Amino acid sequence: MQENENNQEQEVDLNQLMKIRREKLTELQEQGKDPFEITKFSRTNTAGEIKANYEKFEQKDVTVAGRIIAKRIMGKASFCTILDSDENIQSYVSINDLGEESYKQFKTYDIGDIIGITGFVFKTKTEETSVHAKEIVLLSKSLRPLPEKFHGLKDPDLRYRQRYTDLIVNPEVKESFVIRSKIIRNIRKILEENGYLEVETPVLNTISGGASARPFITHHNSLNIDMYLRIALELNLKRLIVGGFDRVYEIGRVFRNEGMDIRHNPEFTELELYAAYQDYNDMMNITEEIFSRTAQDVLGTTTVTYQGKEINLAPGWKRITMIDSVKEVTGIDFNKIETNEEAVKIAEERGLKFTDETKKTRGDVISMFFDEYVEETLIQPTFIYDYPVEISPLAKRKPTDKRLTERFEVFIDGREYGNAFSELNDPIDQYGRFKKQVEAREAGDEEAGMMDEDYVQALEIGLPPTGGLGIGVDRMIMLFTDSASIRDVLLFPTMKPLGDH
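In this report, the structure presented in the accompanying data block is examined. Nothing here was measured: the structure is a model prediction, and the numbers come from that model.

Attention now moves to the overall build of the protein chain. The secondary structure content of the protein chain amounts to 17 helices and 20 strands. Principal-axis analysis of the C-alpha atoms gives the protein chain an extent of 90 × 50 × 50 Å. Counting the 501 residues in the protein chain, one finds 50% classified as buried. Restricting the contact set of the protein chain to residue pairs at least 6 apart, pairs at least 24 apart contribute 64%. When the accessible surface of the protein chain is totalled, it reaches about 24600 Å², and 48% of it is carbon and sulfur. One finds the centroid of the 66 positive side-chain charges in the protein chain at a distance of 3 Å from the centroid of its 88 negative side-chain charges.

Written out as structure tokens, the structure is:
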């Protein structure tokens, strides 16, 4: 008669189960067999290695270790399955091999316990690669049952809060994070091949700058000053270009005190890179290379399926100005609209609302039209370039039209994945734009930037013509793993506390 511990434990109150497990631990400790006193265990192989190379391991002794995820007791012989970092593997356990005392002890082990097994490799009658156990050691006692372990952990909120259990009972989740690691490693490889140097810049800053976002504020006790968690990597990286580095990049966490949804987490991973003597056209090229090469290297293809849509990441992405993209979708040509008054009138005729009187400019209206009508239509990778100066405080003005900047954003499936400029290196112009940001902040815009006198001073020393690019790494990983929510690609997403209990 088979014993299914999973079903049995489901019928028992959780507190009672935990009490029983603690009693088992106490008994082991009284016998001088405390598993928590074991400091090291020498494995010879992982489950994945053995299963992938059965001919090499057949009838040979191995030592494996992992968490018990299944167990079938059948009198004097039993089967258990353990899960390690690679895969799971079955073990055949009998009283004849272990001896009566050790076999009796094995039968008391619970789902979730971590054990070490030494034995020889064989295949069962059903052709399943297994380890015929000669010795079993309890390495760690699981005092809390895995939640919903028989049916699988499905509640998204619980999965995100208890990622450790999610990784155990939903193996496909672990694969997403393996892919995440490979993607970041591949990005580094591409950038190093292109001559970029990886650097690190401060997380804590005395001012908030480099993007339009509401910052997190903290306090430095020793200096008795407020400080800001960085909202971007930009300004410090460009200081390094001033200092003589030609190409630099950083992959790091940034923090924005804003709303949370399937695309936004208060802390997220960003790639920013800067190259002297390049412009935003060069940044388009490196963006294509990062996405297409990483897809090919990590996934084996430049075509991915995201939420039911097939996305072609091969180079040759569409490139279109923001004004032309608005014209393409709405028929309105802002090249023929010269004044702020004309632009605001057209916006009001379309029913677009202004929440801020300072935003009633031609440039802001162009941006509003793009957000309202164009963005959601951009399914295949598309570079939208030549942004209005009003929404691009750090980008260089376009020589042929001073109302625009040499800036682009890249869109895939209606979402922004990257932002790039021909960097503004005119300190006088930069100072003026910072002043406008300060005015907007004083008028109540909490996302507006601050005056950065030191950065202006750096520009006065001299910043060469420079191209800069930022890519949302988490969104890129969402695309590559077909994940609907950013929480699916962050090991520990931000969650609201459940309360005192």
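On to the sheet that holds strand β8 (residues 204-205), then. Taken together, 3 strands build an open sheet; the order of strands is β8-β10-β9 and the sheet is antiparallel. If you trace the sheet from one side to the other, it starts and ends with β8 and β9 (217-220), each paired once. As paired strands, β9 and strand β10 (residues 225-229) are joined by 4 bridges and run antiparallel to one another. Bridging from a neighbouring strand, I217 pairs with Y228 of β10.

Next up on the list: the pattern of salt bridges. Scanning the model with the defined rule gives 32 salt bridges in all. Where R319 meets E288, a salt bridge forms, and the shortest distance between an N and an O atom there is 3.7 Å. You can see R319 sitting in strand β15 (residues 318-321) and its partner E288 sitting in helix α11 (residues 280-299), a full 31 residues away along the chain. For R433, the salt bridge identified is with D429, shortest N-O distance 3.1 Å. A residue pair is termed a helical-turn pair when its members lie 3 or 4 positions apart in one helix, as R433 and D429 do in helix α15 (residues 427-442) at 4 residues.

Before going further, it helps to spend a moment on the nonpolar core. Ranked by internal contacts, the top residues of the largest apolar core, which has 41 residues, are L271, L273, I290 and L479. If you tally residues by element for this core, the top one is α11, at 7 residues. Residue contacts for I290: discarding those within four places in its chain leaves I187, I190, L191, L271, L273, I471 and M476. Of all hydrophobic cores here, the second largest spans 25 residues; its members include V64, I89, I111 and I115.

Bringing helix α2 (residues 14-30) into the picture now. Here α2 contains 17 residues, and its C-alpha end-to-end distance of 24 Å stays within 8% of the 24 Å for a straight helix at 1.5 Å per residue. The set of residues buried in α2 consists of L17, M18, R21, L25 and L28. The buried residues of α2 occupy an angular sector of 95° when the element is viewed end-on, so they sit on one face. Counted as exposed and oriented over 90 degrees from the buried face of α2: N15 and E30. With a side-chain oxygen lying 3.0 Å from the backbone nitrogen of N15, the N-terminal cap of α2 falls on D13. Directly after α2, the chain includes G32, whose backbone phi takes a positive value near 75°.

This next bit is on the packing of aromatic side chains. Scanning all chains against the criterion turns up 14 aromatic pairs. Consider the rings of F120 and F122, whose centres lie 6.2 Å apart with planes at 55°: the pair is tilted. With 6.2 Å between their ring centres and 75° between their planes, Y280 and Y385 make a pair best called edge-to-face. Taken together, the residues span a long stretch of sequence, with Y280 in helix α11 and Y385 in strand β16 (residues 382-388) at a distance of 105 residues. Taking relative accessible area as the criterion, Y280 reaches 3% and is therefore assigned buried. Its end group placed over the ring of Y54, K123 keeps NZ or CZ at 4.6 Å from the ring centre.

Attention shifts here to the packing of helix α10 (residues 234-242) against helix α16 (residues 453-462). Between α10 and α16, whose axes approach to 10 Å, the crossing angle comes to 25°. Classified by the angle between their axes, α10 and α16 sit roughly parallel to one another. In terms of crossing hand, the pair formed by α10 and α16 is left-handed. In contact with L235, K238, R239 and V242 of α10, α16 contributes D454, Y455, A458, I461 and G462. In terms of residue class, the contact of α10 with α16 is made up of 5 nonpolar, 1 polar and 3 charged.

Thresholds applied
- Residues numbered from 1 in each chain as written.
- Predicted model: local features only at pLDDT ≥ 70, side-chain atom pairs only at ≥ 80, totals over all residues.
- Heavy atoms only, no water.
- Helix = DSSP H or I, 4+ residues; strand = E, 2+ residues; numbered from the N terminus.
- Buried < 20%, exposed > 50% of the residue type's maximum accessible area, 1.4 Å probe, protein only.
- Contact = heavy atoms within 4.5 Å.
- Areas by Shrake-Rupley, 256 points an atom, 1.4 Å probe, with all protein chains shown as cover.
- Lys, Arg positive; Asp, Glu negative; His and termini not counted.
- Charge placed at Lys NZ, Arg CZ, Asp CG, Glu CD.
- Pairing = 2+ DSSP bridges.
- Salt bridge = Lys/Arg side-chain N within 4 Å of Asp/Glu carboxyl O.
- Core = buried A, V, L, I, M, F, W, Y, C linked by side-chain atoms within 4.5 Å.
- Expected span 1.5 Å × (residues − 1).
- Arc of directions from axis to C-beta.
- Polar contact = N/O pair within 3.5 Å; in protein donor to acceptor, adjacent residues only side chain to side chain.
- Phe/Tyr/Trp six-rings, centres within 6.5 Å; stacked < 30°, edge-to-face > 60°.
- Lys NZ or Arg CZ within 6 Å of the ring centre and 35° of its normal.
- Axes fitted to C-alpha atoms, helices over the stretch in contact; angles between N-to-C directions.
- Parallel < 35°, antiparallel > 145°, perpendicular 65-115°, else oblique.
- Left-handed = near helix turned anticlockwise from the far one by under 90°.
- Nonpolar A, V, L, I, M, F, W, Y, C, P; charged D, E, K, R; others polar.

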